[in-house]
Amino acid sequence: MQPEMCRRMLKLLILQISDTHCLVPGQLLAGHFDTSAALERLVESLSRQPVRPDVILHSGDLGENATRAEYAHIGSALRSLGAPVLAVPGNHDAREPLLAELPEMVGKTSSGHLCQVNRDFPLAILGLDTLVEGAPHGELCKERLAWLETQLDALAGQRVLIFMHHPPIRTGFQDMDRMGLLHGGPELEVLIARHGQVQAVLCGHMHRAIQGSIGGAPVRVAPSASHQIAFDLRPSEPYRLTAEPPQYMMHLWAGETLVSHSVFVEGAD
């Protein structure tokens, strides 16, 4: 089947990238992980996909140290994929340099948070900024919750997709859960349940593929496009990084339900 025919059969194909932790070339994360090289492999792998995504969502931790050089580097790579890119900050990001280098990829609310709404696709896409600058955990403060409530009210009866960095669920990785969404989760659950048409909440942060639910909507946590966190449910164990293969997610919306695939980066060691 030709790629053009495949595309006509799909209503919306969403590429989700998360936790690239991009450093400039020549630097290693934790003295071991070459996140810049991982980004290059990701782009090369995606360029070989026979069906291109309609939109790319980056669910946070674009850079590791939140420098403009890191954002310029990842921005060049993401733009080369030839699809619109929407991004939200993770706990390793910073709003000012992110907005300065990638202005077309992020939104900005009147309160200064990098939330955004996009109505260009069959699903309305809402990006939520959960960043607490200088802290690893996330939150949805009253300003961000008020923004979300306004957007969901305006989208009453319409199908919606939300993406954010910190998952609004407990995952069982207790060390990481202590750095999860610590404030605003119950209020988010109420808003999602009240709207009733949120098709999924897409997240990152955990460096593993994890599923859950909130307010009647599925939660899908993407693995990292660079390196993962070891699977260890012992409550006393600190999280540790592992060189499990980098991955991304492809979400297919065909008009009824969102189907999600975790995909290994082709050619990864």
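Presented here is a report on the structure given in the accompanying data block. (Residues numbered from 1 in each chain as written. Predicted model: local features only at pLDDT ≥ 70, side-chain atom pairs only at ≥ 80, totals over all residues. Heavy atoms only, no water.)

### Focus on helix H5 (residues 142–154)
Along an α-helix, a turn takes 3.6 residues, which lines up residues three or four apart on a common side.
Then, in step 1: If you check H5, its first and last C-alpha atoms are 18 Å apart, about what 13 residues at 1.5 Å a residue would give, namely 18 Å.
Then, in step 2: The complete set of buried residues in H5 reads Arg144, Leu145, Trp147, Leu148, Gln151 and Leu152. Each buried residue of H5 lies within a common arc of 155° when the element is viewed along its axis, so the set occupies one face. Turned more than 90 degrees away from the buried face of H5, the exposed residues are Lys142 and Ala154. (Helix = DSSP H or I, 4+ residues; strand = E, 2+ residues; numbered from the N terminus. Expected span 1.5 Å × (residues − 1). Buried < 20%, exposed > 50% of the residue type's maximum accessible area, 1.4 Å probe, protein only. Arc of directions from axis to C-beta.)

### Comments concerning the pattern of salt bridges
Then, in step 1: If you walk through the whole model with that rule in mind, you get 14 salt bridges.
Then, in step 2: For glutamate 104, the salt bridge is made with arginine 79, and the minimal N-O distance between the two is 2.7 Å. Pair noted here: glutamate 104 is in the loop between helix H4 (95–101) and strand E4 (116–118) and arginine 79 is in helix H3 (residues 68–79), with a separation of 25 residues, a long-range link.
Then, in step 3: Of the residues examined, glutamate 104 reaches a relative accessible area of 44% and is grouped as partly exposed.
Then, in step 4: A salt bridge links glutamate 139 to arginine 144, with the nearest nitrogen and oxygen atoms 3.3 Å apart.
Then, in step 5: A residue is classified by how much of its surface remains accessible, and glutamate 139, at 21% relative accessible area, is partly exposed.
Then, in step 6: The exposure class assigned to arginine 144 is buried, which follows from its relative accessible area of 3%.
Then, in step 7: A single network of salt bridges, built from pairs that share partners, joins Arg95, Asp129, Glu139 and Arg144. (Salt bridge = Lys/Arg side-chain N within 4 Å of Asp/Glu carboxyl O.)

### Brief notes about the nonpolar core
Then, in step 1: Judged by nonpolar contacts, the single largest core of 31 residues is most densely connected at Leu128, Leu148, Ile162, Met164 and Val201.
Then, in step 2: Listing elements by their share of this core, those giving two or more residues are strand E5 (124–127), H5, strand E7 (160–163), helix H7 (185–195), strand E9 (198–203), strand E10 (210–214) and strand E11 (217–221).
Then, in step 3: With sequence-adjacent residues up to four places away left out, leucine 128 is seen in contact with Val88, Cys115, Leu140, Trp147, Leu148, Ile162, Phe163, Met164, His165 and Leu188. (Core = buried A, V, L, I, M, F, W, Y, C linked by side-chain atoms within 4.5 Å. Contact = heavy atoms within 4.5 Å.)

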